[in-house]
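Geometric and topological summary
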Amino acid sequence: MYSNDGKLEWFGGNQDALAMYRMFVDLSHTWDDLVDKDKDVSADAINNAFLICLVYLPLNPFYQKIQSQIMPLWLMIVSAYQTANKFEQDKDPHGIEISHILRYAAGHIVAYAVHVCLGPQEAQKVLPDVWKSVVHERFDDYRKEHLDERN
């Protein structure tokens, strides 16, 4: 289903950390589609999102290892995502600049996971690529999508 495409090295070969990252990707896409309603979300995707939250993440050994450290981040991430959605609804140009950043707040957990797996010095070597992967949508494209549809 997934190719390695170099991401395993971000986590020092830790398959559980990579699995956690992939679950975050799947979960975030489903969450986004449910909230902004720009794509139909299948029952299978919704069920998978619940399985990720309720079963797969809690059973993942790497997630178990870092869960207590990242729990405060989850509160911040949900708040950031809600704020980003509000800015998108309001179509405020300054808010859109901020919302593009806030939408990728879960990337902080990924960056933390890289630090845990590699240590701070090695993490610094791969984090630029990690963040480019996490923040995959360019700001100009995001701005056009959210501001050019104003009428």
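1. Quick notes on the side chain of S99
Locating S99 in the fold gives a position in helix α5 (residues 93-102). For S99, the residues in contact, after removing those within four places along its chain, are A84, F87, E88 and Y142.

2. Topic: the confidence of the model for the chain
Residues with a pLDDT of 70 or more make up 95% of the chain, whose mean pLDDT is 91. The spread of mean pLDDT over the elements of the chain runs between helix α8 (residues 139-147), the lowest at 84, and helix α6 (residues 107-118), the highest at 97.

3. Quick word on the packing of helix α4 (residues 61-90) against α5
Between α4 and α5, the shortest axis-to-axis distance is 8 Å and the interhelical angle comes to 150 degrees. Classed by the angle they form, the pair α4 and α5 counts as roughly antiparallel. Judged by the sense of rotation from one axis to the other, the crossing of α4 with α5 is left-handed. Facing A80, Y81, T83, A84, F87 and E88 of α4, the residues of α5 in contact are G95, I96, I98, S99 and L102.

Rules behind the numbers
Residues numbered from 1 in each chain as written. Predicted model: local features only at pLDDT ≥ 70, side-chain atom pairs only at ≥ 80, totals over all residues. Heavy atoms only, no water. Helix = DSSP H or I, 4+ residues; strand = E, 2+ residues; numbered from the N terminus. Contact = heavy atoms within 4.5 Å. pLDDT = per-residue confidence, 0-100. Axes fitted to C-alpha atoms, helices over the stretch in contact; angles between N-to-C directions. Parallel < 35°, antiparallel > 145°, perpendicular 65-115°, else oblique. Left-handed = near helix turned anticlockwise from the far one by under 90°.

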